[in-house]
Amino acid sequence: MLFKIENLTHEYSDGTLALNDVTVAFNRAERIALLGANGSGKTTLLNHLNGILKPTHGRIFFDDNPLQYDAKSLLALRRRVGFVFQDPNDQLFAPTVKQDVAFGPLNLGYTSEHVKMLVDEALTTVGMLEYVDKPPHFLSGGQKKRVALAGVLAMQPEVIIMDEPTSSLDPIVTSDILHLLLRLNKENGLTLLLATHDVDIVPLFADKLYILNKGEIVSEGSPKKSFSNAELIRKVNLRSPRIAHLFEVLKKEDNLSIVDEFPLTISEARREILRLIDEAVREAKKNV
Ligand SMILES: Nc1ncnc2c1ncn2[C@@H]1O[C@H](COP(=O)(O)OP(=O)(O)OP(=O)(O)O)[C@@H](O)[C@H]1O
Ligand SMILES: [Mg+2]
């Protein structure tokens, strides 16, 4: 277990109960999605994993050690756990893009050549190299998000936590960044934990899906399994991915014999459509 969260409750100072007795564990190299409607507690949960927030009750372990909140321990944790905030304005602070991305690696004591290499590589990866000398506050929302991710990539962490990774990103950048994260997961065993309410991107990267509702985890399992519970999905103010919804309609309205766990991605949908065509052709041949 990389992260173990035991009976985590968080109550904000105004009395809001944002998390209520959450117990969950995340494995190394997993690709985890945390899905929930606005206000369900996603950001609150993630902010506990790098020590921005402290539990009101409960305990958090990273690599079998309880989280410690002194500056040295937090620095050591954040070296291994990279965090991309929901709002990049909370993350970017240096006068230029280059200085912002270099900040983490410089703090690790690397040589300036090595830092430059890491910064160039990270900015190239997110397609922002041409903006190295620009002040971050002059960038667009999506560009800021990409620079914030570059700052995390340059640290080469073991875990990347992204809060709403795709909000404010255009479709091509979204797809490029998801592909990059999946590659790092496959090649380097990077653990991915992404919080989102974008149901359509969940099946594209997650092998494990947790659904949060009103501060509690109400579903845990593969995206296939969780999205097949249409009643629960509706109850927690979410919806199925559009592809699954199409198959739900084809089954209910058009009486097609669709598999019980609906396809969630284009490739799964393609397979199911070809299977249906094949079935129909066989049936037609039988009746000739
Ligand atoms: N600093 C705070 N003080 C008081 N209440 C807060 C604070 N931050 C969040 N909350 C409340 O805690 C609950 C959970 O908020 P949180 O930001 O974790 O939700 P979320 O799932 O990330 O939502 P979103 O999808 O909108 O980002 C909400 O009811 C919110 O109003
Ligand atoms: Mg949030």
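Please read these numbers as outputs of a predicted model, since none were measured by experiment. Each chain has its residues counted from 1, following the order in which its sequence is written. To read the labels, note that chains go from A and ligands from 1, taken in the order they are written. For this predicted model, a pLDDT threshold of at least 70 governs which residues receive local features, and a threshold of 80 or more governs which side-chain atom pairs are given and counted, while totals over whole chains, interfaces and linings are taken from all residues.

Looking only at helices and strands, the protein chain has 11 helices and 10 strands in total. Overall, the C-alpha framework of the protein chain stretches about 75 × 45 × 35 Å when taken along its three principal axes. Any residue surrounded by 20 or more other C-beta atoms within 10 Å of its C-beta is treated as buried, while 12 or fewer makes it exposed and the intermediate range makes it partly exposed; C-beta atoms here are placed from the backbone. A burial count over the protein chain gives 36% of its 288 residues as buried. Expressed as a percentage of contacts within the protein chain between residues at least 6 apart in sequence, the contacts between residues at least 24 apart total 64%. The secondary structure listing takes helices from DSSP runs of H or I that are at least 4 residues long and strands from runs of E that are at least 2 residues long, numbered from the N terminus. Remark: residues whose backbone-derived C-beta atoms lie within 7 Å of one another are considered to be in contact.

Before going further, it helps to spend a moment on the domain arrangement of the protein chain. An automatic or database domain assignment provides the domain bounds reported here. Split by domain assignment, the protein chain resolves into domain 1 (3-239) and domain 2 (241-288). When each unit is reduced to the centre of its C-alpha atoms, the spacing between domain 1 and domain 2 is 36 Å. Contact with domain 1, which involves 11 residues of that partner, is made by 10 residues of domain 2. Those elements giving two or more residues to the side of domain 1 that touches domain 2 turn out to be α7 (202-205) and α8 (223-227). The residue classification treats Ala, Val, Leu, Ile, Met, Phe, Trp, Tyr, Cys and Pro as nonpolar and Asp, Glu, Lys and Arg as charged. All others, Gly included, are polar. Across the side of domain 1 that touches domain 2, the residue classes break down as seven nonpolar, one polar and three charged.

Turning our attention to the sheet that holds strand β8 (residues 191-196). Through backbone hydrogen bonds, the strands of a sheet pair up, either in parallel or in antiparallel fashion. With mixed pairing, the six strands of this open sheet are ordered in space as β6-β7-β8-β3-β9-β10. Only two strands of the sheet have a single partner each, and these edge strands are β6 (81-84) and β10 (216-221). Along the sheet, successive strands turn relative to each other by an average axial angle of 15°, direction set aside. Pairing between two strands is assigned when DSSP locates at least 2 bridges connecting them. Bridge analysis of strand β7 (residues 159-163) against β8 gives five bridges, and the strand direction is parallel. Paired with Met162 across the two strands is Leu194, which belongs to β8. Structural elements are reduced to axes, namely lines fitted to C-alpha atoms, with helices fitted over the stretch in contact, and the angle between N-to-C directions of any two is expressed from 0 to 180 degrees. The strands that helix α5 (residues 141-153) touches are β6 and β7; relative to β6, the one it contacts most, it runs at about 175°.

Attention now goes to the sheet that holds strand β1 (residues 3-11). Strand order in this open sheet of four strands is β2-β1-β4-β5, and the pairing throughout is antiparallel. The outermost strands of the open sheet, each flanked by one partner alone, are β2 (17-26) and β5 (65-66). For β1 and strand β4 (residues 57-62), the ladder comprises five bridges, and the chain directions are antiparallel. Residue pairing for β4: Ile5 is matched across the bridge by Ile60.

Here we come to the nonpolar core. Nonpolar side chains in soluble globular proteins generally cluster together in the buried interior. Connectivity within a nonpolar core runs through C-beta atoms within 7 Å, and the core itself is a set of buried Ala, Val, Leu, Ile, Met, Phe, Trp, Tyr and Cys residues. Judged by nonpolar contacts, the single largest core of 63 residues is most densely connected at Leu34, Val101, Ala122, Ala150 and Ile161. The biggest single contributor to this core is α5, with six residues. Discounting residues that sit within four places of it in the chain, Leu34 has contacts with Lys42, Leu45, Leu193, Ala195, Tyr210 and Leu212. The next biggest cluster of nonpolar side chains, apart from the first, holds seven residues, and it includes Ile233, Ala244, Ile258 and Leu264.

Next up on the list: the site of ligand 1. In the vicinity of ligand 1 there are 14 residues, among which Tyr12, Ala18, Lys42, Thr43 and Thr44 approach most closely. Here the element with the most residues in the shell around ligand 1 is helix α1 (residues 42-49); it accounts for three residues. Split into classes, the residues belonging to the shell around ligand 1 amount to two nonpolar, 10 polar and two charged. Placing the C-beta atom from the backbone, one calls a residue near a molecule or strand if that atom lies within 6 Å of it.

Relative to each other, helix α3 (residues 97-107) and α5 sit at 30°, their axes nearing to 7 Å. The angle between α3 and α5 places the two elements in the roughly parallel class. As α3 packs across α5, the resulting crossing turns out to be right-handed. Here Val97, Asp100, Val101, Phe103 and Gly104 of α3 lie close against α5, whose contacting residues are Val147, Ala150 and Gly151. Residue composition of the contact of α3 with α5, by class: five nonpolar, two polar and one charged. Orientation is classified from the angle alone, with under 35 degrees giving roughly parallel, over 145 giving roughly antiparallel, 65 to 115 giving roughly perpendicular, and any other angle giving oblique. Each helix crossing is assigned a hand: it is left-handed if the near helix lies turned anticlockwise from the far helix by less than a right angle, otherwise right-handed if that turn is clockwise.

Burial of α1 is extensive: six of the eight residues sit out of reach of the surface. Every buried residue belonging to α1 is among Lys42, Thr44, Leu45, Leu46, His48 and Leu49, and all of these are buried. Positive backbone phi, approximately 80°, marks Gly51, located one or two places after α1.

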